[in-house]
Amino acid sequence: MKKFAALSALCLSLTAALPAFADPAPVPDTAQAQSLRDAVRADRKGVVLKALALDEAQTKKFVPIYEAYERELATLNRQFTRMSVEYVQIGEKPNNAQSKYFSRGYLGYVDAEQKLYKKYHPRVVKAIGEVGAARFLSVERRIRALQDYDLWI
């Protein structure tokens, strides 16, 4: 009887929690997302600096690191864009060899992007501290998510 009561209590608690899991994630404001897209295209570094809200000394240390990071990221992004264009040009029915090539290319890009974050993270920590470095990663991931969304729609 105790097992049944415990199981009933577990089922009841899970049932009560289901609506929370069923709620979709909040939809971002379209105008806000477009505003961020435009700002990033115009001045990505400016967007990052504004989001980080660094003091003058931190900014002086951070900017050269960010510019080096941004150059390497731009190189990766150009390679990924070329690969994406190739994939789109194939059309709706790529063969197995083409699919394998693009899957490996995409996974290689993701790995390279992660290595870039890991390469620059200690430098960013040294320049602006752990809190600033975590905020930097968060800002970069949000920008990346927006770019990924634009790429795949």
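Residues numbered from 1 in each chain as written. Predicted model: local features only at pLDDT ≥ 70, side-chain atom pairs only at ≥ 80, totals over all residues. Heavy atoms only, no water.

Peer 1: Just to check I follow, could you spell out the overall build of the protein for this structure?
Peer 2: Looking only at helices and strands, the protein features four helices and zero strands. In the protein, the succession of helices and strands from N to C terminus is α-α-α-α. The burial tally for the protein puts 25% of its 153 residues in the buried class. The contacts in the protein between residues at least 6 apart in sequence include a share of 68% that link residues at least 24 apart. Total accessible area on the protein is roughly 11,000 Å²; 62% of this is exposed by carbon and sulfur atoms. (Helix = DSSP H or I, 4+ residues; strand = E, 2+ residues; numbered from the N terminus. Buried < 20%, exposed > 50% of the residue type's maximum accessible area, 1.4 Å probe, protein only. Contact = heavy atoms within 4.5 Å. Areas by Shrake-Rupley, 256 points an atom, 1.4 Å probe, with all protein chains shown as cover.)

Peer 1: What exactly am I supposed to notice about unusual backbone geometry here?
Peer 2: The phi torsion of most residues other than glycine is negative, and most of the peptide bonds are trans. Phi is positive for Ala53, which is not a glycine, with a value near 50°. Tracing the backbone through its elements, the reader meets Ala53 in the loop between α2 (30–52) and α3 (56–90).

Peer 1: How should I be thinking about the packing of aromatic side chains in this particular structure?
Peer 2: In this description, an aromatic ring pair is defined by two values, namely the gap between the centres and the angle between the planes. One pass over the structure, following the stated rule, counts eleven aromatic pairs. Residues Tyr66 and Phe136 carry aromatic rings whose centres are separated by 5.9 Å and whose planes lie at 90° to one another, so their mutual orientation is edge-to-face. Of this pair, Tyr66 sits in helix α3 while Phe136 sits in helix α4 (residues 96–152), and the two are 70 residues apart along the sequence. For the pair formed by Tyr66 and Phe136, the shared burial category is buried. (Phe/Tyr/Trp six-rings, centres within 6.5 Å; stacked < 30°, edge-to-face > 60°.)

Peer 1: What should I look at first to understand the nonpolar core in this one?
Peer 2: Across soluble globular proteins, nonpolar side chains show a tendency to be buried alongside one another. Judged by nonpolar contacts, the single largest core of 27 residues is most densely connected at Val48, Leu52, Phe62, Tyr69, Val124, Ile128 and Phe136. Of all the elements in the fold, those that place two or more residues in this core are α2, α3 and α4. It is α4 that contributes the most residues to this core, 13 residues altogether. In this structure Val124 touches Phe62, Ile65, Gly129, Ala133 and Phe136, once residues within four positions along its chain are discounted. (Core = buried A, V, L, I, M, F, W, Y, C linked by side-chain atoms within 4.5 Å.)

Peer 1: What's the story with the side chain of Asn77 in this structure? I'm lost.
Peer 2: One can find Asn77 in helix α3. A relative accessible area of 17% places Asn77 in the buried class. In terms of polar contacts, Asn77 uses its side chain to reach the side chain of Arg144, at 3.3 Å. Dropping the residues within four chain positions of it, Asn77 is found in contact with Tyr109 and Arg144. (Polar contact = N/O pair within 3.5 Å; in protein donor to acceptor, adjacent residues only side chain to side chain.)

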